Amino acid sequence: MSSGGTLILPRFVAGGENGADGVQSKWHDRFAETPDVLKGPGHEQTIVPVLDIEIGGDEFVTMAGPCSVETEFQLMATAHHVRRAGARILRGGAFKPRSSPYSFQGLGLEGLKMLAHARQETGLAIVTEAMSECDVPLVADYADILQIGSRSMENYSLLEAAARTGKPILLKRGMVATIEDFLRAAQVVLDNGNANVILCERGIRTFDTALRNTFDAAAIALLKQISHLPVIADPSHACGHREMVPPLSRIAVAAGADGLIVEVHPNPDKAWSDAEQTLSFAEFDDMMASLDPYIALRAAQIPALNRARAMESVG
Ligand code: PEP
Ligand code: MN
C-alpha cells in the first residue's frame, strides 16, 4: 500500500483506504452486529493499559514466554531472558487447553503463583489463559491480562465472566472462526462493560496441512483498518514450526500488528507442550533483532499519523 510514494503500514491508514466515511458505509453494513468494535468518527484506536504498558499505542509490544508454566527455574530463566531482549509481557499457561486430553493440562494454581513471582522479580506484566468460567476469579487474581484461547473464543459465558473482572482481555481467534465470528466475540466482551480487548490472530484451519495452521496476515491488515481494537499476532501457534516464527513475526509487523505473543523456553526440545514451535533464547534474540527495521518503519510513521489526526480535529 502506498500513499504519495511513502510506504504505509496498515495501522496508519486512518479510517481505512476510503477514509472514515468509507469505513462507515462499507464495514458498518457488513458487520452490523458488532458496531462497537468498529472504527468510528473520533474513535480510531483503543489503547489498552497494562501496568505501565500501552497496547495499541506507539510502542510495539512483545509478549513472550513458555507455552506452559513448568518449573520455577524454567519460568524465571525465561522471564529474565525475554525481558532483557525487549519483551514487556510474560506469557505462560497454567490452565492448558490441549489438542489431546492425554497431554499435560497445566499446573493450575501452582503455575499462577510462579507467574506472580516472575512479575515481582522482573516487572513484566503477566498474560495467562482462563479456560473456564469457574477459573476466572482465580486467574484474574494473578494475571494482568486474561487470555481467552482459540478453543474458547465462542464460549460466551466464559467471555462474560472474563469481561466482568475488568482485566484486559487477550482474545484469540478461534481456529475455525471467520472475521465476523471473531468480531462478534469481541463485541460480547464490550457489551459486558469491558473495552480493553486485544485481538490476536493465531492462525486458522484451512485445506493446507503443511503447517500447523494458516497464518491469516490479511486478517491483521483488515482488522487494523476496520476495528479500533489493538491487534497482535501469535506466529508460534500459527505455524507450529520454530523456524517459521521469525518470518511470520516480520510479516505481522508489516501487516500493521500492534504486538506479538511468542513461545520461548530455555530448552525448547524438552518443553512439556508445543516444543516444535518454541524458540530457544538465542533464536528469540535473533528474531527480535530481525524485527528492528520493521518496528523502526512503524515508528517512523507515527508522527505523520499524529499530524493527520491533529489536522482532522482542527478541520
Ligand atoms: C496458547 O497460547 O498456549 C494456546 C493454547 O493458544 P491457542 O488458544 O491459540 O491455541
Ligand atoms: Mn502453546
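Structural data are supplied above this passage.
What counts, and where the lines are drawn
Residues numbered from 1 in each chain as written. Chains lettered and ligands numbered in written order. Predicted model: local features only at pLDDT ≥ 70, side-chain atom pairs only at ≥ 80, totals over all residues. Heavy atoms only, no water. Pairing = 2+ DSSP bridges. Helix = DSSP H or I, 4+ residues; strand = E, 2+ residues; numbered from the N terminus. Axes fitted to C-alpha atoms, helices over the stretch in contact; angles between N-to-C directions. Contact = heavy atoms within 4.5 Å. Buried < 20%, exposed > 50% of the residue type's maximum accessible area, 1.4 Å probe, protein only. Right-handed = clockwise from strand over helix to strand, strands pointing away. Expected span 1.5 Å × (residues − 1). Polar contact = N/O pair within 3.5 Å; in protein donor to acceptor, adjacent residues only side chain to side chain. Phe/Tyr/Trp six-rings, centres within 6.5 Å; stacked < 30°, edge-to-face > 60°. Donors = N, O, S within 2.8 Å, 3.2 Å for Na, K, Ca; no water.

**Student:** How do you make sense of the sheet that holds strand β12 (residues 259-263) when you look at a structure like this?
**Tutor:** Strand-to-strand pairing in sheets goes through backbone hydrogen bonds, with the strands running parallel or antiparallel. The strand order around the closed barrel formed by eight strands is β5-β6-β7-β8-β9-β10-β11-β12, and the pairing between neighbours is parallel. Between one strand axis and the next, the sheet turns through 25° on average, direction left out of account. With five bridges joining them, strand β5 (residues 61-65) and β12 adopt parallel strand pairing. Directly across from methionine 63, in β12, lies its bridge partner isoleucine 261. Across the sheet, helix α6 (residues 179-191) lies against β9 (169-172) and β10 (197-201), angled at about 160° from β10, the strand it touches most.

**Student:** How do you make sense of the pairing of β10 when you look at a structure like this?
**Tutor:** In the case of a regular strand, side chains alternate between the two sheet surfaces. The element β10 is extensively covered by neighbouring structure, given that five of its five residues are classed as buried. Neither face of β10 is left uncovered, since the one carrying Val197, Leu199 and Glu201 and the one carrying Ile198 and Cys200 both have all their residues buried. As paired elements, β9 and β10 share four bridges and run parallel to each other. If you follow isoleucine 169 over to β10, its bridge partner there is valine 197. Crossover connection from β9 via α6 to parallel β10: handedness right-handed. Direction of pairing for β10 relative to strand β11 (residues 231-233): parallel, over a ladder of three bridges.

**Student:** What is the right way to read helix α2 (residues 72-84) from this model?
**Tutor:** Along an α-helix, residues three or four positions apart point the same way, because every turn accommodates 3.6 residues. Between its first and last C-alpha, α2 extends 18 Å over 13 residues, near the 18 Å set by a 1.5 Å rise per residue. When α2 is considered as a whole, its buried residues turn out to be Gln74, Leu75, Met76, Thr78, Ala79, His81 and Val82. In this structure, the buried side of α2 is in contact with β5, β6 (89-91), α3 (109-122) and α10 (281-300).

**Student:** How should the environment of aspartate 258 be read in this particular structure?
**Tutor:** By secondary structure assignment, the location of aspartate 258 is in the loop between α9 (245-255) and β12. Residues aspartate 258 and glycine 57 lie 201 residues apart in sequence; the distance between their C-alpha atoms is 7.6 Å.

**Student:** Would you take a moment to explain the environment of aspartate 181 for this structure?
**Tutor:** Here aspartate 181 is to be found in helix α6. Overall, the relative accessible area of 17% leaves aspartate 181 in the buried class. Each C-alpha atom, one on aspartate 181 and one on phenylalanine 31, is 9.9 Å from the other, the two residues being 150 residues apart in sequence. In terms of polar contacts, aspartate 181 uses its side chain to reach the backbone amide nitrogen of threonine 178, at 2.9 Å.

**Student:** Explain α6 here, please?
**Tutor:** When the terminal C-alpha atoms of α6 are compared, their 18 Å separation across 13 residues agrees well with the 18 Å that a helix rising 1.5 Å per residue should span. Along α6, ten of the 13 residues are buried, which leaves the element largely enclosed by surrounding structure. Buried residues of α6: Ile179, Asp181, Phe182, Leu183, Ala185, Ala186, Gln187, Val188, Val189 and Leu190, and no others. Where α6 is buried, its residues contact α5 (156-164), β9, β10 and α7 (217-226). Within two residues after α6, glycine 193 carries a phi angle of roughly 85°, on the positive side.

**Student:** Looking at this structure, I do not really get the packing of aromatic side chains. What am I missing?
**Tutor:** When we look at a pair of aromatic rings, we describe it by the centre distance and by the angle of the planes. Enumeration over the complete set of coordinates arrives at two aromatic pairs. Consider the rings of tryptophan 27 and phenylalanine 31, whose centres lie 5.7 Å apart with planes at 10°: the pair is stacked. Neither tryptophan 27 nor phenylalanine 31 differs from the other in exposure class; each is buried. Residues phenylalanine 104 and tryptophan 272 carry aromatic rings whose centres are separated by 5.0 Å and whose planes lie at 90° to one another, so their mutual orientation is edge-to-face. Of the two residues, phenylalanine 104 sits in the loop between β6 and α3 while tryptophan 272 sits in the loop between β12 and α10, which places them 168 residues apart along the sequence.

**Student:** Where do I start with the coordination of the manganese ion (ligand 2) in this structure?
**Tutor:** By definition of the ideal shapes, four donors in a tetrahedron about a metal sit 109.5 degrees apart, and six donors in an octahedron sit 90 or 180 degrees apart. Looking at the manganese ion (ligand 2), one finds its protein donor set to be Cys67 (SG), His237 (NE2), Glu263 (OE) and Asp274 (OD), positioned 2.0 to 2.4 Å from the metal centre. Between consecutive donor residues of the manganese ion (ligand 2), the sequence gaps follow C-x169-H-x25-E-x10-D. Here the residue cysteine 67 occupies a position in the loop between β5 and α2, and aspartate 274 occupies one in the loop between β12 and α10, the gap between them amounting to 207 residues. Here cysteine 67 matches aspartate 274 in class, with each residue buried.

**Student:** Just checking my understanding: could you explain the pairing of β9 for this structure?
**Tutor:** Judged by which residues are buried, β9 turns out to be covered on both faces: Ile169 and Leu171 on one side and Leu170 and Lys172 on the other are all buried. Sheet analysis places strand β8 (residues 145-148) next to β9, joined by three bridges and oriented parallel. Looking across to β9, one finds that glutamine 147 is bridged to leucine 170.

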